[in-house]
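Here is what each chain is made of, one letter per residue.
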Amino acid sequence: MTRTRAASRIRSHDTTYRTLTRDGHTIAYTVHGDPAGVPVVVLHGGPGSGSQPGALRLFDLARMRVVMVDQRGTGASAPRGRLRHNDTQRLIGDLEAIRGELRIARWGVVGGSWGAALALAYAGTHPAAVSAVVLRGLFLTSKREVRRLFVTSRARAPRAWRALMHAAECERAASLSAACMRMPAMRGMQADAVASAWRAYENAILMQAASRASASRKTRTRGRDDAITAKYRIQAHYLMHDCWLGERRLIASAKRAVAAGVAIRAVHGLRDPVCPLENLHRLMRAVPAVRGRFVDAGHLASDPRLARALVETIREAFLT
């Protein structure tokens, strides 16, 4: 049974912070916008990243009630970086517990990258609880995509990739993903080094050279090092297990959701360097009811063109 903790506080005039405990984890979430507005839950990427307040700009807070959840071990949830009792089915259970606590009959689900995969898994498991789904930069949780990130994409950021190879003590390119997946067993300086190099490599791919320097400056304090290490421990834990999903199971979830009447819309950047646009094509071929939109943009919702397309798609899905 889920127990609700009494501790809560107001972060701003329209944002409530609450905690929820379940089998040793405390799940943090914030609620924004109109309490009587259209309810929507936002699922962050990663896995392990934590919710991003900047995502609120995608929503009409005068007409919507937006719930942002820090998944297990991430953001303000505790214990930070814990892997025990941390898997996709428990994340789905956490969402249902939060929905029940907020007394929401049905809500929309918006997810980006890993959050898009989690959105499909949740909608396929609890379709009666979901009004519609909006995906951004779909991750299909396949080994193919993980290999693409660690091996094929090295040409985009060769220096950062070599630094990750060195930190992971890996000698063969084909073995890099497996080396990084061993991170949950690493301790101390080795774990910190792999996490820092992994983050720098991702940022180099996503944001180009100017943002690499910015990301490097952000990791200088010890507290931030701990947060980064926790993030990539969780990411390695999930990727090692194909996020307890895999492409076939994820597509099956989408089919169940659509069969139950859940509308699925998706936006994907044509220049996405992390989640290939073929992912959305695969989903649309398998589930023709999915409405996809391709935009001349990258992976991140901070890309102005992608953000504009998301704002329009969210409005169409939940407010029209």
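Heads up: these notes are all about the structure in this document. (Residues numbered from 1 in each chain as written. Predicted model: local features only at pLDDT ≥ 70, side-chain atom pairs only at ≥ 80, totals over all residues. Heavy atoms only, no water.)

### Comments concerning the side chain of Asp-272
Along the polypeptide, Asp-272 turns up in the loop between strand 8 (263–269) and helix 9 (278–286). Buried within the structure, Asp-272 lacks any salt-bridge partner; its nearest side chain of opposite charge belongs to Arg-148, at an N-O separation of 5.9 Å. Separated by 2.9 Å, the side chain of Asp-272 and the backbone nitrogen of Cys-275 make a polar contact. At a separation of 2.7 Å, a polar atom in the side chain of Asp-272 contacts the side chain of His-299. Among residues more than four places away in sequence, those in contact with Asp-272 are Gly-137, Arg-148, Ala-297, Gly-298 and His-299. (Helix = DSSP H or I, 4+ residues; strand = E, 2+ residues; numbered from the N terminus. Buried < 20%, exposed > 50% of the residue type's maximum accessible area, 1.4 Å probe, protein only. Lys, Arg positive; Asp, Glu negative; His and termini not counted. Salt bridge = Lys/Arg side-chain N within 4 Å of Asp/Glu carboxyl O. Polar contact = N/O pair within 3.5 Å; in protein donor to acceptor, adjacent residues only side chain to side chain. Contact = heavy atoms within 4.5 Å.)

### Observations concerning the nonpolar core
Among the nonpolar cores identified, the biggest contains 79 residues, and Leu-135, Phe-150, Trp-198 and Leu-283 are the most heavily contacted of them. If one sorts the elements of this core by residue count, helix 2 (residues 114–125) sits on top with 9 residues. Apart from the residues lying within four places of it in its own chain, the contact partners of Leu-135 are Gly-111, Ala-116, Ala-119, Leu-120, Ile-264, Arg-265, Ala-266, Val-267, Leu-283 and Leu-310. With 24 residues, the next largest nonpolar core counts Ala-307, Ala-309, Leu-310 and Ile-314 among its residues. (Core = buried A, V, L, I, M, F, W, Y, C linked by side-chain atoms within 4.5 Å.)

### Digging into the pattern of salt bridges
Enumeration according to the criterion identifies 14 salt bridges in this entry. The partner of Asp-87 in a salt bridge is Arg-90, with the nearest N and O atoms 2.6 Å apart. Residue class for Arg-90 comes out partly exposed when judged on its relative accessible area of 29%. Between Glu-96 and Arg-99 there is a salt bridge, and its shortest N-O distance comes to 2.8 Å. Linking Glu-96 with Arg-99, this pair stays in helix 1 (residues 88–101), spanning 3 residues, or about one helical turn.

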